[in-house]
Amino acid sequence: MAPRSLAEARALLLSPLGPVARAGQDASRPRVSFEFFPPKSDEAEANLWKAVTRLAPLEPEFVSVTYGAGGSTRERTHRTVERILAETTLTPAAHLTCVEASREDVDAVIEGYRDAGVRHIVALRGDPPGGHASLGGIGGAYAPRTDGYANATELTAAITAKGGFDVIVGCYPEGHPESPSTDHDIDVLKAKVDAGATRAISQFFFDIDAFLRFRDRVRAAGIDVPMSPGIMPVTNFNGLKRMSAACGAAVPDWLAAHFDGLDDDPETRKLIAASVAAETCARLQEEGFADFHFYTLNRADLVYAICRVLGVREKSSPVGGGGPQSGGGNRPRTAADAVSPLHHAAHGPPPPIGEDF
């Protein structure tokens, strides 16, 4: 998307409509992708597949499946990816971490994905053990194995060297918890792109201006791969505060005020979560973003509603063999597209975007 003209910018300022209403008038269809995590029980499996079935007709660019640190969800992740390949025409992007794993083990996983027909990998370092138990280890001290890949950059290079993979990496608009500065975050992102990464997905965030400032700095550094905002509609505010504290995502006072006093009112919390996420996406769409990545937490209702607001409609039904495969497109963005612009749990529902350095 080219930068807006002065006349277009003025029209937005004078519009009586808000960004969500304007999104409904936008004829363009943004590209979306969805993240799921592998289930641990038959009930969780049913819930996951219900979410996949609901969201698949929106024809996402890809759907990612998380992978626990040290391969703690390895078999469940593989089963989920294989089922998506076998029973849908969706494009799976399998997550892969290198923490607590040898190079030999990681290489075997990469080859296993290749043999299964997977051509998209989300490369993340992974969270070290010893952190917050409720968050799957986030916050633990990281020490690379001497026989393993040290970080996501080395992992990206290893996947790229094997050829034939679209390698997706994480980025951190409000700073990685282990990073000394934003400059360092951007240097790390550039190193991953230089190692072969073809696109980036951001950690979730609620401060849109902070995300746009980060986008500006990324583009100014000459990094022009597609960068998808990571969107997580969260209805459990207490859980969100714990997750945000561990991964460095700010929780604004206005968001806390929205959820205040609603601990026993889940339906109202869902409405607020959908409203906040929809406005975030609509504003970013007006800032030139055409790719959005949703952390679904294996639930489809809020994500489906937000996609509708953005103009993403059912084209066909990829579940059960209907409809064309999306192919995981997502064109590289040029500097002109910047109009002004990952934590993995080892157990249970993972927070987005793993420890990544």
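Whatever comes next refers back to the structure up there.
Values in this document were obtained by computation on a predicted structure and should not be read as measured data.

Reading the values: rules and limits
- Throughout this document, residue positions are counted from 1 along each chain, in the order its sequence is written.
- Local features in a predicted model are, by the rule used here, given only for residues with pLDDT of at least 70; side-chain atom pairs are given and counted only at 80 or more, and totals for whole chains, interfaces and linings are based on all residues.
- In computing side-chain properties, one takes all heavy atoms of the structure into account and sets aside hydrogens as well as water.
- Using a 1.4 Å probe on the protein chains alone, a residue whose accessible area is under 20% of its type maximum counts as buried, one over 50% counts as exposed, and one in between counts as partly exposed.
- Each helix corresponds to a stretch of at least 4 residues labelled H or I by DSSP, and each strand to a stretch of at least 2 residues labelled E; elements are numbered beginning at the N terminus.
- Of all possible arcs, the one meant is that of the directions from the helix axis to the C-beta atoms.
- Two residues qualify as a contact provided that any one of their heavy atoms is within 4.5 Å of a heavy atom in the partner residue.
- Polar contact criterion, stated in full: a pair of N or O atoms within 3.5 Å, where within protein one must be able to donate a hydrogen and the other to accept it, and residues adjacent in sequence count only if both atoms are side-chain atoms.
- Within this scheme a cavity is a closed region of a 1 Å grid, computed over the protein atoms alone, that accommodates a 1.4 Å probe without allowing it to escape, whereas a pocket is open but has protein on both sides within 12 Å along at least five of seven lines; lining residues each have an atom within 4 Å of a point.
- Grid points are joined across faces, edges and corners, and a volume is the space filled by probe spheres set on the points.
- Ten residue types, Ala, Val, Leu, Ile, Met, Phe, Trp, Tyr, Cys and Pro, are classed as nonpolar, four, Asp, Glu, Lys and Arg, as charged, and the remainder, Gly among them, as polar.
- Salt bridges are defined as contacts in which a side-chain nitrogen from Lys or Arg sits within 4 Å of a carboxyl oxygen from Asp or Glu.
- Take the buried residues of types Ala, Val, Leu, Ile, Met, Phe, Trp, Tyr and Cys, join any two whose side-chain atoms come within 4.5 Å, and each joined set is a nonpolar core.

Attention shifts here to helix α6 (residues 152–162). Within α6, the full set of buried residues consists of A152, L155, T156, A158 and I159. Here the buried residues of α6 occupy an arc of 160° about the axis, which is enough to place them on one side. Residues of α6 that are buried in the fold lie against β3 (92–97), α5 (103–116), β4 (120–124), β5 (166–171) and α7 (182–194). Capping of α6 at its N-terminal end is provided by N151; its side-chain oxygen lies 3.1 Å from the backbone amide nitrogen of T153. Positioned one or two residues after α6, G163 has a phi angle of 80°, which is positive.

With that out of the way, let us pick up empty space enclosed by the protein. If you add up the space inside the largest cavity, you get close to 110 Å³. For the largest cavity, the lining is made up of 13 residues, of which F206, M232, P233, V276 and A277 are closest to its centre. Put simply, the parts of the chain that give the lining of the largest cavity at least two residues each are α10 (253–259) and α11 (266–286). No other element matches the 4 residues that α11 contributes to the lining of the largest cavity. Residue composition of the lining of the largest cavity, grouped by class: 12 nonpolar, 1 polar and no charged.

For the rest of this paragraph, the subject is the pattern of salt bridges. According to the stated counting rule, one finds 15 salt bridges in the structure shown. Between E87 and R83 there is a salt bridge whose closest N-O contact spans 3.2 Å. Residue E87 and its partner R83 are located together in helix α4 (residues 74–87), separated by 4 residues, close to a single helical turn. Judged by relative accessible area, E87 falls into the partly exposed class, the value being 37%. For R83, a relative accessible area of 24% gives the class partly exposed.

Core analysis: the largest hydrophobic core is formed by 63 residues, its most contacted members being F34, L96, I159 and F294. Excluding anything up to four places from it in sequence, F294 contacts V32, S33, F34, E35, I231, C281, V303, I306, C307 and L310. One finds F62, L255, Y295 and L297 within the second-largest nonpolar core, a separate group that totals 25 residues.

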